[in-house]
Amino acid sequence: MEITAGHVWTIVAAALVFFMTPGLALFYGGMTRAKGVLNMMMMSFISIAMVSVVWVLWGYSMSGGDPLLGGITGSPVPSFALADIIGSEDLLGAAYGGTFAIITVALISGAIADRARFGAWAVFVPVWATLVYAPLAYMVWGGGLLTEDGAVGSALGEAIDFAGGLVVHINAGVAALILIMIVGARQGFGKDPSQRPHNLPLVMLGAAILWFGWFGFNAGAAGTAEQAGLIWINTLVAPSAAMLGWLLTERIRDRHATSLGAASGAVAGLVAITPACANVSPVWAVVLGFVAGICSALAVGLKYRMGMDDSLDVIGVHLVSGVVGTVALGFVALPSEGTAGLFYGGGFGLLLTQVVAVLVSVLYCAVLTFVIAFVIDKTIGFRIPERDEIDGIDITQHAESGYALAGDATGSFTPGRHAAGGEAAAFEPGRSQPVRG
């Protein structure tokens, strides 16, 4: 078969989405302390490695194979190792779908920055991708429970989730919440000023890469030029409006509009428009983004009051804005693009469908994530020791430091205790001072 423009676009879109995970590594890495930047970035990179293998061997098949368990998941057998689609253009779809699986898992890691065993995370990633991500992708996109032919979809109508509000963002946000409950808060959470972001330019660069890649994330599955144009404009304007909403909230609440707020606001808007990008008009994309930016900014501010150490605001950004964008479709979905929302005369049917889809996704992810994380925590342990956390997770988990600075920024360290080879010579007790964001 001759390669077409559509094939080329799928290749480009898949590459854009793949590039989002290294962008996420930069975004998250800059938000951590200097002594945790490498570990944070490694959590994204190991997600690429683990999920890629899982996806090729059985994850792709589970996301679209023969139904199992009443439409909860697909069978891992039909497309095991992609054997049945070799020589087919379906490989392009498998490649594109795999990049979504990778970044969904990587998103979760930001909630447990600075305190999770790298080995425990490396076990969690493939198990969660297998038991949570692939089944939910099947339920929403692969012909399962929430689709037109599924048990819930046939009764209430098919849920709209064009690019991953349910499958990616709500899924990752709920998983982050469960992991926080099991792993617990960082030492000094809410009190230690060194836990502020150590490199805001890195955060801004990561956010820019995420935004760039998101055009492939949202528009990669566009079926027509008209649809692609609508998605592109919405992916531009919703995060822009969300950034303004977040900065306005900061200005009113804190009297300062911050660079971290600008980056986080843009991501919140990207999250909110993800499920709705092909089904709302640009003007509603502006409203949706603005509301999402405000809601996420307010949600992030609650974590200290609630004592919930969502280190890099996965819940406040991805869960909250994911719910906002998914439920908003029940009000503002365009009739020309499918089922109409309430404001376009569609009644309450789509709104009910979207709310039920959110509840099903939240419940499924919460239960399975709790089981996975609980077993890992009770066997190999999810949390690093307190002393290792104080010394710095980079040096204790990886025997490396992100920066070689005079009066290093890695925190206290005992020579010879964690580092390999000549690494210990770079550290002198008593000289280290934490970087203050």
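Residues numbered from 1 in each chain as written. Predicted model: local features only at pLDDT ≥ 70, side-chain atom pairs only at ≥ 80, totals over all residues. Heavy atoms only, no water.

Note the threshold: UniProt positions are given in the numbering used here, feature names are shortened, and annotations may be inferred rather than shown by experiment.
Going by the annotation in an unreviewed UniProt entry, the name recorded for the protein is Ammonium transporter, with Kocuria oceani given as the source organism. Annotation of the protein in UniProt includes, under Sequence similarities (unreviewed entry), the sentence "Belongs to the ammonia transporter channel (TC 1.A.11.2) family."

### Some details on the side chain of Q227
Note the following rule: Numbering of helices and strands starts at the N terminus; helices are DSSP runs of H or I of at least 4 residues and strands are runs of E of at least 2. Burial here depends on accessible area, computed with a 1.4 Å probe over protein chains only, as a share of the maximum for the residue type. Under 20% is buried, over 50% is exposed, and the range in between is partly exposed. Every residue pair with non-hydrogen atoms within 4.5 Å of one another is taken to be in contact.
As for its placement among the helices and strands, Q227 is situated in helix α8 (residues 225-254). Its relative accessible area of 19% is what places Q227 among the buried residues. In this structure Q227 touches F162, A221, A222 and A278, once residues within four positions along its chain are discounted.

### Some remarks on unusual backbone geometry
The backbone phi angle of R255 is positive, close to 70°, even though this residue is not glycine. Following the sequence through the fold, R255 ends up in the loop between α8 and α9 (259-273). Among the residues examined, R255 registers a relative accessible area of 65% and is labelled exposed. One non-glycine residue with positive phi stands out, namely A399, at about 55°. Mapped onto the elements, A399 comes out in the segment after α14 (393-398).

### Some details on the packing of α9 against helix α11 (residues 314-332)
Put simply, the test is: Comment: axis = line fitted to C-alpha atoms, over the contacting stretch for helices; angle = value between 0 and 180 degrees taken between N-to-C directions. Here the word oblique covers every angle except those under 35 degrees (roughly parallel), over 145 (roughly antiparallel) and from 65 to 115 (roughly perpendicular). For any helix crossing, the convention is left-handed if the near helix is rotated counterclockwise from the far helix by under a right angle, and right-handed if that rotation is clockwise. Residues are grouped as follows: Ala, Val, Leu, Ile, Met, Phe, Trp, Tyr, Cys and Pro are nonpolar; Asp, Glu, Lys and Arg are charged; every other residue, Gly included, is polar.
One way to put it is that α9 packs onto α11 with a least axis distance of 7 Å and a crossing angle of 40°. Accordingly, the angle class assigned to the pair α9 and α11 is oblique. Viewed along their axes, α9 and α11 form a crossing whose handedness is right-handed. Touching S264, V267, A268, V271 and A272 of α9 are V317, H318, S321, G322 and G325, all from α11. Taken together, the residues of the contact of α9 with α11 sort by class into 5 nonpolar, 5 polar and no charged.

### Structural notes on the pattern of salt bridges
Applied cut-off: Here a salt bridge means any side-chain nitrogen of Lys or Arg lying within 4 Å of a carboxyl oxygen belonging to Asp or Glu.
Under the counting rule described, the total for this entry stands at 9 salt bridges. For the salt bridge of R33 with D114, the shortest nitrogen-to-oxygen distance reads 3.3 Å. Of this pair, R33 sits in the loop between α1 (5-31) and α2 (37-62) while D114 sits in the loop between α3 (90-108) and α4 (118-141), and the two are 81 residues apart along the sequence. D114 matches R33 in its accessibility class, with the two residues each being buried. A salt bridge links D309 to R186; the nearest nitrogen and oxygen atoms lie 2.8 Å apart. Linking D309 in the loop between α10 (282-306) and α11 with R186 in the loop between α6 (165-183) and α7 (200-219), this pair joins segments that are 123 residues apart in sequence.

### Structural notes on the environment of S194
For clarity, the threshold we go by: Under this definition, polar contacts are N or O atom pairs within 3.5 Å; protein pairs additionally need one hydrogen-donor-capable and one acceptor-capable atom, and for neighbouring residues in sequence, both atoms have to be side-chain atoms.
Tracing the chain through its elements places S194 in the loop between α6 and α7. Residue S194 is classed as buried on the basis of its relative accessible area, which comes to 4%. Among the polar contacts made by the side chain of S194, one reaches the side chain of D192 at a distance of 2.8 Å.

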